[in-house]
Amino acid sequence: MNSIIIDSAITSIKVSVISVLITFFIAIIFIYFNSYKKNKQKNIMNILILLPMFIPPSAIGYIILITLGKNSFIGFILEKYFNIRIIFTIQACIISSVIVTLPLMYQSIKTATFTINKDIINAGKLDGASDFEIFTKIVLPLCKKGIYSGILLSFARSLGEFGATILVAGNIPGKTQTLPMAMYNAIEANQTENTIIILFVILSISIFLIIIYHNLNKDRI
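Computed from a predicted structure; not experimentally measured.

### Description of helix α8 (residues 144-160)
Given 3.6 residues to a turn, an α-helix orients residues that are three or four positions apart in the same direction.
Thinking step 1. Helix length check: α8, at 17 residues, gives a terminal C-alpha distance of 24 Å against a target of 24 Å (1.5 Å per residue), a fit within 8%.
Thinking step 2. Within α8, burial applies to G146, I147, S149, G150, L152, S154, F155, S158 and L159.
Thinking step 3. The inward-facing, buried residues of α8 contact α1 (3-34), α5 (90-113), α7 (131-142), α10 (179-188) and α11 (192-216).

### Quick look at the nonpolar core
Across soluble globular proteins, nonpolar side chains have a tendency to be buried as a group.
Thinking step 1. Counting 27 residues, the largest nonpolar core has A27, Y106, I109, F135 and V139 as its most contacted members.
Thinking step 2. Taken together, the elements giving at least two residues each to this core come down to α1, α2 (39-54), α5, α7, α8 and α11.
Thinking step 3. Once you skip the residues sitting within four places of it in the chain, F135 turns out to touch I28, I31, Y32 and L140.
Thinking step 4. If you look at the next biggest cluster of nonpolar residues, it comprises 14 residues, including V15, A92, I94 and V98.

### Comments concerning the packing of aromatic side chains
Centre distance and the angle of the planes are the two values used to describe a pair of aromatic rings.
Thinking step 1. Summed over the entire model, instances satisfying the criterion amount to five aromatic pairs.
Thinking step 2. Taking the centre distance of 5.4 Å and the plane angle of 50° together, the rings of F162 and Y184 count as tilted. Taken as a pair, F162 in the loop between α8 and α9 (163-169) and Y184 in helix α10 lie far apart in primary sequence, 22 residues in all.
Thinking step 3. Judged by its relative accessible area of 27%, F162 is partly exposed.
Thinking step 4. Among the aromatic side chains, those forming a connected cluster through ring pairs are Y32, F33, F132 and F135.

What counts, and at which threshold
Residues numbered from 1 in each chain as written. Predicted model: local features only at pLDDT ≥ 70, side-chain atom pairs only at ≥ 80, totals over all residues. Heavy atoms only, no water. Helix = DSSP H or I, 4+ residues; strand = E, 2+ residues; numbered from the N terminus. Expected span 1.5 Å × (residues − 1). Buried < 20%, exposed > 50% of the residue type's maximum accessible area, 1.4 Å probe, protein only. Contact = heavy atoms within 4.5 Å. Core = buried A, V, L, I, M, F, W, Y, C linked by side-chain atoms within 4.5 Å. Phe/Tyr/Trp six-rings, centres within 6.5 Å; stacked < 30°, edge-to-face > 60°.

All we've got here are geometric facts, nothing functional implied.
Put into structure tokens, the structure is as follows:
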């Protein structure tokens with residue numbers, strides 16, 4: 001296995017792990033505050049969170065470009081005053097990955113909250129527990145299967161991300177090139193051996209994640 005494949009695998013795993021951690025905390029925050037919002041506010045929040053699931057990854061990439069690119073207001077401020085450039089960096093990979101995986105994490109955990117017996121929550125309120133204590137000490141522990149499922153699905157989605165990432169991060173070997181991008185390069189260059197190796201790596205990781213997901217949800221599948 002050559003160094004390009006190894007580097008792209010390391011980049012993919014690094015981006016996926018970091019983005020899943022960020023996505024998890026964002027999803028938890030949204031779910032917590034969503035629990036105390038009015039219906040109209042909830043609907044707007046849900047639309048914004050779930051939107052990446054329903055639009056093409058290339059559209060997501062373009063939105064990131066016009067939001068964080070050097071010609072955008074935010075991009076200009078970051079580069080001029082903080083010497084920070086987002087586009088064509090590993091940070092761009094992580095940002096695009098967070099955006100495309102957030103709906104999966106959010107929906108998995110949110111769906112798990114619906115299965116909680118309301119009597120348990122009401123009992124916590126009667127005992128004088130605050131909303132935050134109920135959420136962190138009752139709701140989240142009872143949602144652990146939904147959380148694990150969200151983490152697995154988000155990690156798998158991040159590993160397979162291509163469309164948005166290639167627009168905002170490019171395809172730079174050893175820097176922003178992930179496994180899907182390395183496979184794309186290998187196919188374009190007619191490098192059959194490398195393509196097969198990358199395909200094998202991707203399939204191995206995917207099957208491993210599917211087995212874990214199935215065992216985690218075998219009582220519901």
